[in-house]
Amino acid sequence: MGRAFEYRKATKLKRWGNMARTFTRIGKQIAIAVKARGPDPENNPALRAVIANAKRENMPKDNIERAIKNAMGKDQKDYKEMVYEGYGPFGIAVLVETATDNTTRTVANVRSILNKFNGSLGTSGSLDFMFSHKSVFTIAKKEDMAVEDLILELIDYGVDEDYNEEDNEITLYAEFQSFSAIQHYLEENGFEIKSSEFTRIPTDLKDLDDEQRATIEKMIERLEDDEDVQNVYTNLRPQEEEE
């Protein structure tokens, strides 16, 4: 899991670089969670997870409460989560996660950006097999707790881990469908969940030269600038992994 952790760490900085954009995206996630299960975090595991992530991103408490209140309003937009798949230049695979109230607008925007960079939008499911869809939890390590014991407890969920000794945090990776079960276990056993999310880890990384890499990074920036885009994933090898 070491390579996967390094890949996620290197790409996450790009996805969450702009604070205002981050708060907007979290606001949409709150709206989706509230619409699905209601505004009470105690009875809404998805909302609890989003709130924890919002706090980790330093989103003010007032902003979080306002987003929850707005989600219950009559004028709240109905966001739909959509994933678009395609290729960027140089054969780089691209997955774009979105939360949108207008799929016609969103797909047109994603297609336009890919086309401008000599890429193309594919059909649903055409590239999904190139990425592993994972649940990711970051938790605070309990005092005198053996990390190996925790992993044994969660072995049925296929959990792997990466321990950051400096920050005293444990990052747990598991299959996408295990998210709710792992969240329940951690909460029931008194673990402090610093963040929880889904990520997509490419199964095969592609190398490019510096000029080609710069083009891909520009394309990613253009996609991330779109207000409907939540996350962008590619199979470009993180620069820090290259020799």
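Residues numbered from 1 in each chain as written. Predicted model: local features only at pLDDT ≥ 70, side-chain atom pairs only at ≥ 80, totals over all residues. Heavy atoms only, no water.

Caption draft 1: Geometry of the side chain of E97. If you trace the backbone, E97 turns up in strand β2 (residues 93-100). Setting aside its immediate chain neighbours within four residues, E97 contacts M82, V83, H133, R200, D228, V229, Q230, N231 and Y233. (Helix = DSSP H or I, 4+ residues; strand = E, 2+ residues; numbered from the N terminus. Contact = heavy atoms within 4.5 Å.)

Caption draft 2: How the structure looks around the sheet that holds strand β8 (residues 229-234). Judged by pairing direction, the sheet is antiparallel, and its four strands sit side by side in the order β3-β1-β2-β8 without closing on themselves. Two strands lie at the open edges of the sheet, namely β3 (120-121) and β8, each paired on one side alone. Pairing geometry for strand β1 (residues 80-87) and β2, over eight bridges, is antiparallel. Across the sheet, residue Y87 finds its bridge partner in β2, namely A93. In the packing of helix α8 (residues 210-225) onto the sheet, contacts are made with β2 and β8, and the angle to β8 comes to roughly 160°. (Pairing = 2+ DSSP bridges. Axes fitted to C-alpha atoms, helices over the stretch in contact; angles between N-to-C directions.)

Caption draft 3: Focus on helix α2 (residues 19-37). Compared with the 27 Å implied by 1.5 Å per residue over 19 residues, the 27 Å span of α2 between its first and last C-alpha is a close match. All buried positions along α2 are accounted for by T22, F23, R25, I26, K28, I30, A31, I32, A33 and V34. (Expected span 1.5 Å × (residues − 1). Buried < 20%, exposed > 50% of the residue type's maximum accessible area, 1.4 Å probe, protein only.)

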